[in-house]
Each structure stands twice: as structure tokens, then as C-alpha cells.
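Reading the structure
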Amino acid sequence: MTVEKTAVPLVVEARQIRKSYGEVEVLKGIDLTVRQGEVVLILGPSGGGKSTFLRTLNHLETPDSGAVSICGERIGYGDRAGRQVPLRERRIAVQRRRTGMVFQQFNLFPNMTALDNVASGPVHVNDVPKAEARAAARELLAMVGLADKTGSYPAQLSGGQQQRVAIARALAMRPELLLFDEPTSALDPEMVGEVLDVMVRLREEGMTMIVVSHEMGFARAAADRVVFIADGLVVEDKSPDLFFSAPEHERTRQFLERIL
Amino acid sequence: MWSWDAFFSFLSNPQLIQGAWTTIWLTTVSMALALPLAVLVALGRASRIAPIRIVTGFYVWLMRGTPLLVQLVIIYTGLPQVGLRLGVISAALTGLVLNEAAYLSEIVRAGVLSVARGQSEAARALGMPPWKVFRVVVMPQALRVMVPPLGNSFNGLLKTTTLVSVISVEELLRRTQFAVQTNFRVLEGLTAAALYYLAMTTLWGLVQRWLEVRVGRGHQTGPSRSRRIKRATVPALELEAR
């Protein structure tokens, strides 16, 4: 493409990611590169490996082969005497701090208030003093429109509110990259909008995001690229316009016919 | 004939009061030592390293499969035969702690397993190292599930300590038996002792309820939930009354 676009640094570089569960090969060699500030939407039939692939990017799933690099750093492996050796979980934890993740089921800590959920990363991972972390958490909660819910426990919040707290929690670590694993799939329809609004705003602020989702509206409005994954492979990787108007592959057309 | 005088003199007997104190002390110290050991054993049984799994599994199997009374007599009376001599209190504590930890480890294990997988995943995704995932996220939530059965164990242990009277620890039962030997008022003496046990377990029940509220933070706090329950139950009761 254009010269200025290639000058933007790579945030994600995944090469030939493979993963099997027993006999079933879920990922059959997936390649993906994402540049800073890009929003990539991953679409595809369920069971096609989208979520599994997303989880290899922060090593919640360990790929059987292939390499993931975030901001140029190989995830899960370290260099020892010129050879790539698997890192211990303690070291991988350090690598994960660059990547935030938002889950389908929110996964907020039920025993902490919204404020302490958001502050939990800075306090327990970066040893930021509690008062300071809480002040920053308060700002993040205000940013996602929940300034009045700081003292609420997750059980007292709606699904949409919980997911916005979860986004704020991920942002509190100041990640270079945000991963969204079906962030709106567990929400009632009227709450989907409030979560997508936050995501659109993050995009405007230049956040790099990879989103596994079926939200076509979000794909059209906010995605720079749509990546279609089926049967463990990347079938199509295009701008949303081209993806929806001129899909190249039969597999993509079948999928689009069914969901649109 | 039942003698109230004898009963009340047992109740206020400093021997019994001191025995009750020993019982409380033994129970609390045993529990306090057994719980960390139980956490280690539970972690050991979930370990990726096979020898650790086998050793901890064997320990739990052995301790739960043999009577505490036998274990106590072996520790106090049997071990000196191979040159390991423990004092009365040390022997009692050793037996109680080793035995209790085996049972508690099962409670800890169940508690840890009850925490949803997504919780530790969220913590890992934030970049927490493994021990922080356990201490900050998994353990506090496991505790909520563990407190009722742990409280049950504490209650049981208060009464199980009577067994150490066999190796001559002067806890409540043994002190009562001594006191009874002065006037042979068995019924009054042991009723008084039973009352002491009842008082201790009742007091513990209150402590446990307070603990449950503390570790239950964030759960069942929504006002809508209790209101819904009330609305659902009230008409049902009215129907029954008719």
C-alpha cells in the first residue's frame, strides 16, 4: 500500500500459528500482522478457531508451532545462547502487560468493587500505590461513563456496565494492544451499543485493537480490516468495504449469505 | 439423685475453666497450623510434578484412613520406641495438626476448584505472575466457598480434642474426669462439661457467621435479588395459610 502506512510500526506479527486439541487441528497455520492504531475485526463461523487464535496472541493458549511477536518481542519464548526456549509463566506474565484482554463473560473479580477491579492491575502487577491507582481508575471509569458506579460490585451492575468496567480494567495497564473476545455476545441487545460506543472511542484515540465479534455494524463503522477465519485458516483479509461487497472466496460468500 | 449444688460447683470449678481454656487453645493453634499446611498439600495434589502429587496424595490417604486415636497413641507412646520422644502437648498438636490438615486440604482443593477458570485467565491476562493470581484472585474467592466447611471443621475439632485426653493432655474432658473422681457426681460433672462444649461451639457459630459476611463481599449484595425473593415467597405463604 502507501509508503506512510508501512512506516507505522508493527504491533502484532503472528506467523504460521498451529494448534491442535487431540486429533482436531483447530489452527492450521494462521498469519496476521497488525500495525499500530489499526482495528482488525476477526469474523468467521463458530468452531473456526477465531477465539483460540486470539488467545495465542497473549499466550493464554500455547501454540504448537509458529511464532507470535508483540511490538517485536517474541511471546512465550526467550533467547538462550542463540536458541529459542520456552519461558516460564512468571516471565510470560511480564510480556502480557503490553496486551489487554476483554472477555465474552467479562470475568470481573466479583469480590472487588468496580474501582478496585480497574485498579487491580496497576496495584498487583505494577506495585502502584493504592491511592494513586484508584485515582487513575476513577478517571478510567468516568471515561467509560461509569463515574457513579465506582463503589458497585459486579453483581450490582448490568452486563453492559460490567463489560465497560472490564475495558477500563484492561486500559488501566496502558496496553499497546487490546484483544476483544466476543465482547458483546453475552449482552442483551440494548446494551450492545454502550459497549461498542466505548470501543469506537478507543479507536479514535488510536488504540490498536483486535476484535473477535459478529457485530457487522461495528465492522463497517470502526474496523480498518476484516479478517475471515474458517477451518483454522485465514480465508480473507480486506477492508470492510471490499470484504462485504466483493468477497473473493466461495467460503466467505457462503458465510455472508447466512449471516446478512 | 441429681444435685444442683454439685452441678453448679462443677460449672464454677476452676479446674474445668482451665480445661476449657486448654481446649480452646489446642483447637485454635491446631487449626492455625493445619490450614497453611492444608493449602500446601492441596497445591501439592494439583502439582504438575508427579512425585509431589504422589507424596501428598499418600499423606491424605494415610491420615484420613486411620483413626486419630491410633495416630495420637503412635506419636506419643509408640515413637519413643524408635528414639523420637515428644512432650504431651507437642505430641497432641502434631497429631491434631497432621490429621486435620489432611481433611482441610480437601476443603481447600474444593474451594480452589470452585473458582471459575475465567477468573484466573483474567488475572493472567492483566500480567499477574502465578502466585499473585493465586493470592489476589483465586484464594479470596475460594475462601468464600471454604468458610462454611472450615467452620464446620473448627466446630468438630473443638470436640475432637477430647481424644488427646487419652495421652494425658489436661483439656476439658480430662479435667472433668479428675474433678468427678473427688465426689463421683458423674452426671453433674459431665453435664457441666457438655455445657462448656456447647458454649464454645455456640460462640464459634457467631464468629463463623461474621466471617461468612466478611468473605462474602460482592456476593448477594444486589438489592433487586432479595426483593425478588420476598415477592416470590410472600404470596406462597399466604396461599398455604388458607
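Residues numbered from 1 in each chain as written. Chains lettered and ligands numbered in written order. Predicted model: local features only at pLDDT ≥ 70, side-chain atom pairs only at ≥ 80, totals over all residues. Heavy atoms only, no water.

1. What about the overall build of chain A?
The test is simple: Secondary structure follows DSSP: runs of H or I at least 4 residues long count as helices, runs of E at least 2 residues long count as strands, and numbering of each begins at the N terminus. We compute the radius of gyration from the C-alpha atoms alone; for a globule the expected value is 2.2 Å times N to the 0.38, where N is the number of residues. Any pair of residues with heavy atoms lying within 4.5 Å of one another is described as a contacting pair. The Shrake-Rupley method, run with a 1.4 Å probe sphere, supplies the accessible areas, and residue values consider only the shown protein chains as cover.
Looking only at helices and strands, one finds ten helices and twelve strands in chain A. Taken over the C-alpha trace, chain A has a radius of gyration of 19 Å; the compact-globule value for 260 residues is 18 Å, and the two agree within 12%. Dimensions along the principal axes, computed over C-alpha positions, put chain A at roughly 50 × 50 × 45 Å. Sequence-distant contacts in chain A: of pairs separated by 6 or more residues, those separated by 24 or more amount to 65%. Total accessible area on chain A is roughly 11,700 Å²; 47% of this is exposed by carbon and sulfur atoms.

2. Digging into the UniProt feature "domain: ABC transporter" (unreviewed entry) in chain A
Heads up, the rule is: UniProt positions are given in the numbering used here, feature names are shortened, and annotations may be inferred rather than shown by experiment.
Listed under "domain: ABC transporter" (unreviewed entry) in the UniProt record, and renumbered for this structure, are residues 12–256 of chain A. Between the first and last C-alpha atoms of residues 12–256 of chain A the distance is 27 Å; the span itself is 37% helix and 28% strand.

3. Description of the environment of B:Phe134
Residues and elements named next belong to chain B. For Phe134, the position within the fold is in helix 7 (residues 130–160). As for Phe134 and Val112, which are separated by 22 residues in sequence, their C-alpha atoms are 9.0 Å apart. Phe134 has contacts with Val39, Leu43, Val112, Met139 and Pro140, leaving out every residue within four places of it along the chain.

4. A closer look at the sheet that holds strand 5 (residues 73–74) of chain A
Residue and element names in this part refer to chain A. We apply this condition: Two strands are said to pair when DSSP picks up at least two bridges between them.
One open sheet accounts for four strands, arranged 2-1-4-5; its pairing is antiparallel. At either margin of the open sheet sits one strand with a lone partner, and together these are strand 2 (24–35) and strand 5. Two elements, strand 1 (residues 10–21) and strand 2, share nine bridges in a ladder whose sense is antiparallel. Looking across to strand 2, one finds that Lys19 is bridged to Leu27.

5. Focus on the interface of chain A and chain B
Which entries qualify depends on this criterion: A 1.4 Å probe defines the accessible area here, and the buried area is the portion of it lost by two parts on being joined, summed over both. The term salt bridge refers to a side-chain nitrogen of Lys or Arg lying within 4 Å of a carboxyl oxygen of Asp or Glu. Here a polar contact means two N or O atoms within 3.5 Å. Within protein one must be a hydrogen donor candidate and the other an acceptor candidate, and residues neighboring in sequence count only if both atoms are side-chain atoms. Residue polarity follows a fixed list, in which Ala, Val, Leu, Ile, Met, Phe, Trp, Tyr, Cys and Pro are nonpolar, Asp, Glu, Lys and Arg are charged, and the others, Gly among them, are polar.
With 28 residues of chain A in contact, the opposing surface of chain B contributes 23 residues. Counting the surface chain A buries against chain B, the share from its top three residues, A:Phe109, A:Asn111 and A:His124, is 24%. Where chain A packs against chain B, one counts three salt bridges. Across the salt bridge formed by B:Lys132 and A:Asp127, the nearest N and O atoms sit 3.6 Å from each other. Linking chain A with chain B are six residue pairs in polar contact (both at pLDDT 80 or more). Of all elements in the fold, only helix 3 (89–96), strand 8 (99–102) and helix 4 (114–125) of chain A reach the threshold of two or more residues within the side of chain A that touches chain B. Residues belonging to the side of chain A that touches chain B are distributed by class as follows: twelve nonpolar, nine polar and seven charged.

6. Remarks on the packing of helix 6 (residues 117–126) of chain B against helix 7 of chain B
All names here are of chain B. Heads up, the rule is: To obtain an axis, a line is fitted to C-alpha atoms, over the contacting stretch when the element is a helix, and the angle between two such axes runs from 0 to 180 degrees between their N-to-C directions. In this scheme, roughly parallel covers angles under 35 degrees and roughly antiparallel covers those over 145, while 65 to 115 is roughly perpendicular and the rest are oblique. The hand of a helix crossing depends on one turn: near helix anticlockwise from the far one by less than a right angle means left-handed, and clockwise means right-handed.
It is the contact of helix 6 with helix 7, at a shortest axis distance of 10 Å, that shows an interaxial angle of 155 degrees. The angle between the axes of helix 6 and helix 7 places the two elements in the roughly antiparallel class. In this structure, helix 6 crosses over helix 7, and the sense of that crossing is right-handed. Each of Gln119, Ser120, Ala123 and Arg124 in helix 6 lies in contact with helix 7, whose residues at this interface are Val133, Val137, Val138 and Gln141. Partitioned by chemical class, the residues of the contact of helix 6 with helix 7 number four nonpolar, three polar and one charged.

7. Some details on a positive patch on the surface
The line we're drawing: Patch definition: residues above 30% relative accessible area lacking any salt bridge, with like charges linked at up to 9 Å and the nonpolar side chains Val, Leu, Ile, Met, Phe, Trp and Tyr linked at up to 5 Å. Here Asp and Glu are counted as negative and Lys and Arg as positive; His is not counted, and neither are the chain ends. Every charge is mapped to an atom, namely NZ of Lys, CZ of Arg, CG of Asp or CD of Glu.
On the surface, a cluster of positive charge is contributed by A:Arg88, A:Arg90, A:Arg91 and B:Arg48. By secondary structure assignment, the location of A:Arg90 is in helix 3.

8. With respect to the packing of aromatic side chains
All names here are of chain B. The criterion, for reference: Centres within 6.5 Å are what make two rings of Phe, Tyr or Trp a pair, Trp counting through its six-membered ring; a difference in plane orientation under 30 degrees is then read as stacked, over 60 as edge-to-face, and the rest as tilted. A simple rule labels every residue: compare its accessible area, found with a 1.4 Å probe on the protein chains alone, to the largest value its type can have, and call it buried under 20%, exposed over 50%, or partly exposed in between.
Applying the stated criterion across every chain, the model contains ten aromatic pairs over all chains. Geometrically, the ring pair formed by Trp2 and Phe7 is tilted, given 5.2 Å between the ring centres and 45 degrees between the ring planes. A relative accessible area of 29% means that Trp2 is categorised as partly exposed. Taking 5.9 Å as the distance between ring centres and 25 degrees as the angle between the ring planes, the aromatic pair formed by Trp4 and Phe8 counts as stacked.

9. Section: the sheet that holds strand 12 (residues 233–238) of chain A
Residue and element names in this part refer to chain A. Strand order in this open sheet of six strands is 8-9-10-3-11-12, and the pairing throughout is mixed. Two strands lie at the open edges of the sheet, namely strand 8 and strand 12, each paired on one side alone. Sheet twist, expressed as the average angle between the axes of neighbouring strands with direction ignored, equals 20 degrees. Running over the sheet, helix 6 (residues 159–171) touches strand 8 and strand 9 (177–181) and is turned about 170 degrees from strand 8.

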